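# A look at the structure
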Amino acid sequence: MSRFINQVAFITGAGSGIGRATALAFAEQGAQVVVAEVNELSGRQTVELVEQAGGQALFVACNVASPVEIEAAVHQTILAYGRLDIGVNNAGIGGKFARLTDQTQADFDQIMAINVGGVFYGMQAQIRQMIKQSGGKIVNVSSIAGIRGMAMGGPYSASKHAVIGLTKTAALEYVRKNIRVNAVCPVYTHSTMVDELISVAPNLEDRMRKVIPIGRFGEPQDIAQAILWLCSNENEFCTGQAIQMDGGLTAG
Ligand SMILES: NC(=O)c1ccc[n+]([C@@H]2O[C@H](COP(=O)([O-])OP(=O)(O)OC[C@H]3O[C@@H](n4cnc5c(N)ncnc54)[C@H](O)[C@@H]3O)[C@@H](O)[C@H]2O)c1
């Protein structure tokens, strides 16, 4: 199946985890993929993986906390591929695992700059281009921590709630411009971020897994498939939603 032939997908944080799986899945379906990543080594590795699988990808160095860098990355996308159909604002950090009173102003500011700033500036640059092209699709990566509180992750949870607020607002503002904007909210998903988290205590993974009704963590491909559907032509009617990819966690 080649659902994204002649389409260009711009993915932030595509050097690892969910972003890399999303880049590979889009490329497999025919999209030209832009890997917008702060980590040059891992970003270039994703490009290599896409090319080895027969796809087309471009690495663009980009710190999503900088509006100038995101704007420049979208500009490079247009120079290279001539258009932008899909924006996936995925780059994010987990921040410090600590109670509110042990989080510093620097901890708070950093997580807001990347997790919220990255989505805000990313959507600004993507939407400006999509308006010129008469439409597009955007998916922002929030979290189950954007729906519920997260003990020991106050700034992270706040940042992911903010991502949903921005998503819903952008969906309302640009729905008549033929731009669909949604968020996905993954539960624990195997990636660099979560593998670091579970390494801090023995048996932590087992304990975390037990709370997920489906009985396992997410895999990056699980989340990528939801992102692809939201960005596909099969989705014309879903916008402004925060889709919970959580193995049933929030069903109860
Ligand atoms: N893994 C999970 O369990 C989980 C659950 C819910 C939400 N999420 C969200 O999914 C997204 C992807 O995370 P992941 O789990 O794949 O983690 P990851 O650490 O494997 O990947 C994150 C990527 O973002 C990049 N990045 C970080 N800061 C950046 C910046 N300033 N500019 C550009 N790129 C930057 C990193 O270099 C890395 O490649 C994040 O927004 C995260 O909050 C993850």
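Above this text is the structure in question.
As the structure is a computational prediction, the values presented were derived from the model and not from experiment.

Criteria and thresholds
Numbers given for residues are sequential positions, taken from 1 along each chain in its written order. In keeping with the model being predicted, local features are shown solely for residues with a pLDDT of at least 70 and side-chain atom pairs are shown and tallied solely at 80 or more, while totals for entire chains, interfaces and linings include all residues. The side-chain values count all of the structure's non-hydrogen atoms but skip hydrogen atoms and water molecules. Numbering of helices and strands runs from the N terminus; a helix is a DSSP stretch of H or I covering at least four residues, while a strand is a stretch of E covering at least two. Burial status follows relative accessibility: with a 1.4 Å probe on protein chains alone, a residue under 20% of its type maximum counts as buried, one over 50% as exposed, and anything between as partly exposed. In what follows, a contact means two residues having at least one pair of non-hydrogen atoms within 4.5 Å. The rule for pairing is simple: two strands pair if DSSP sees at least two bridges between them. Lines are fitted to the C-alpha atoms to define the axes, a helix being fitted only along its stretch in contact, and any angle between axes, read from their N-to-C directions, falls within 0 to 180 degrees. For this description, a residue counts as near a given molecule or strand if any of its non-hydrogen atoms is within 4 Å of it. A 3.5 Å cut-off defines polar contacts: any pair of N or O atoms within that distance qualifies, except that in protein one atom must be a possible hydrogen donor and the other a possible acceptor, and neighbouring residues in sequence count only when both atoms are side-chain atoms. Every accessible area reported is derived by Shrake-Rupley at a probe size of 1.4 Å, with residue values counting cover from the shown protein chains alone. An angle counts as roughly parallel when it lies under 35 degrees, as roughly antiparallel when it exceeds 145, as roughly perpendicular when it falls between 65 and 115, and as oblique in every other case. Helix crossings fall into two classes, left-handed where the near helix is turned counterclockwise from the far one by less than a right angle and right-handed where it is turned clockwise. Handedness of a crossover is defined as follows: orient the strands so they point away from the viewer, and if the path from the first strand over the helix to the second runs clockwise, the crossover is right-handed.

Once that is clear, we can look at the environment of lysine 177. Mapped onto the fold, lysine 177 is located in the loop between helix H5 (154-174) and strand E6 (179-186). Relative accessible area serves as the criterion here: at 46%, lysine 177 is assigned to the partly exposed category. Sequence spacing of lysine 177 and methionine 130 is 47 residues, and the spatial spacing of their C-alpha atoms is 8.5 Å. Not counting residues up to four positions away in its chain, the partners in contact with lysine 177 are Ile131, Ser134 and Gly135.

Right, let's get into the sheet that holds strand E3 (residues 56-61). The strand order across the open sheet formed by seven strands is E3-E2-E1-E4-E5-E6-E7, and the pairing between neighbours is parallel. At either margin of the open sheet sits one strand with a lone partner, and together these are E3 and strand E7 (242-245). Here the average twist between neighbouring strands, direction ignored, is 20 degrees. Packed onto the sheet, helix H1 (residues 17-28) meets strand E1 (8-12), strand E2 (32-37), strand E4 (86-89) and E6 and runs at close to 170 degrees relative to E1. Seen against the sheet, H5 touches strand E5 (136-141), E6 and E7 and runs at an angle of roughly 160 degrees to E6.

Near the ligand there are 29 residues, and of these Ser16, Glu37, Tyr156, Thr189 and Ser191 occur at the shortest range. Contact between the ligand and valine 64: a nitrogen atom at 3.0 Å from a main-chain N or O atom of the residue. Residue threonine 192 places a main-chain N or O atom 3.3 Å away from an oxygen atom belonging to the ligand. Coverage of the ligand by the protein chains reaches 92% of its 830 Å² of free accessible surface.

The next subject is the packing of H1 against helix H2 (residues 40-52). One way to put it is that H1 packs onto H2 with a least axis distance of 10 Å and a crossing angle of 25 degrees. Relative to H2, H1 is oriented roughly parallel. When you trace H1 past H2, the crossing you get is right-handed. Seen from H1, the contacting residues are Arg20, Ala23, Leu24 and Ala27; seen from H2, they are Ser42, Gln45, Thr46, Leu49 and Val50.

Let us look at the environment of proline 220. Mapped onto the elements, proline 220 comes out in helix H8 (residues 220-231). Owing to a relative accessible area of 9%, proline 220 belongs among the buried residues under this scheme. Residues proline 220 and valine 60 lie 160 residues apart in sequence; the distance between their C-alpha atoms is 22 Å. When near neighbours in sequence (up to four residues on either side) are disregarded, proline 220 contacts Gly17, Ile18, Ala21, Thr189 and His190.

Right, let's talk about unusual backbone geometry for a bit. Backbone geometry places asparagine 178, a non-glycine residue, at a positive phi of 65 degrees. Summarising the element assignment, asparagine 178 is placed in the loop between H5 and E6. Positive phi outside glycine occurs at asparagine 203, with the angle close to 65 degrees. Position of asparagine 203 relative to the elements: it lies in the loop between helix H6 (192-198) and helix H7 (204-210).

The next point concerns the side chain of serine 142. Examined against the element boundaries, serine 142 turns out to sit in the loop between E5 and H5. Reaching out from serine 142, the side chain makes a polar contact with the backbone oxygen of lysine 160 at a distance of 2.9 Å. In this view, serine 142 contacts Lys160, Val163, Ile164, Ala183, Val184, Cys185 and Pro186; residues no more than four positions away in its chain are not counted.

For E6, the buried fraction is high: eight of the eight residues fall into the buried class. Residues Ile179, Val181, Ala183 and Cys185 of E6 are buried on one face, and the alternating residues Arg180, Asn182, Val184 and Pro186, pointing to the opposite face, are buried as well. Here six bridges tie E5 to E6, and the two strands are oriented parallel to one another. Of the residues in E6, the one forming a bridge with lysine 137 is arginine 180. Since E5 and E6 lie parallel, the crossover through H5 that links them has a hand, and here it is right-handed. As defined by bridge partners, E6 adjoins E7 across four bridges and the pair is classed as parallel. Bridge pairing in E7 places cysteine 185 opposite glutamine 244.

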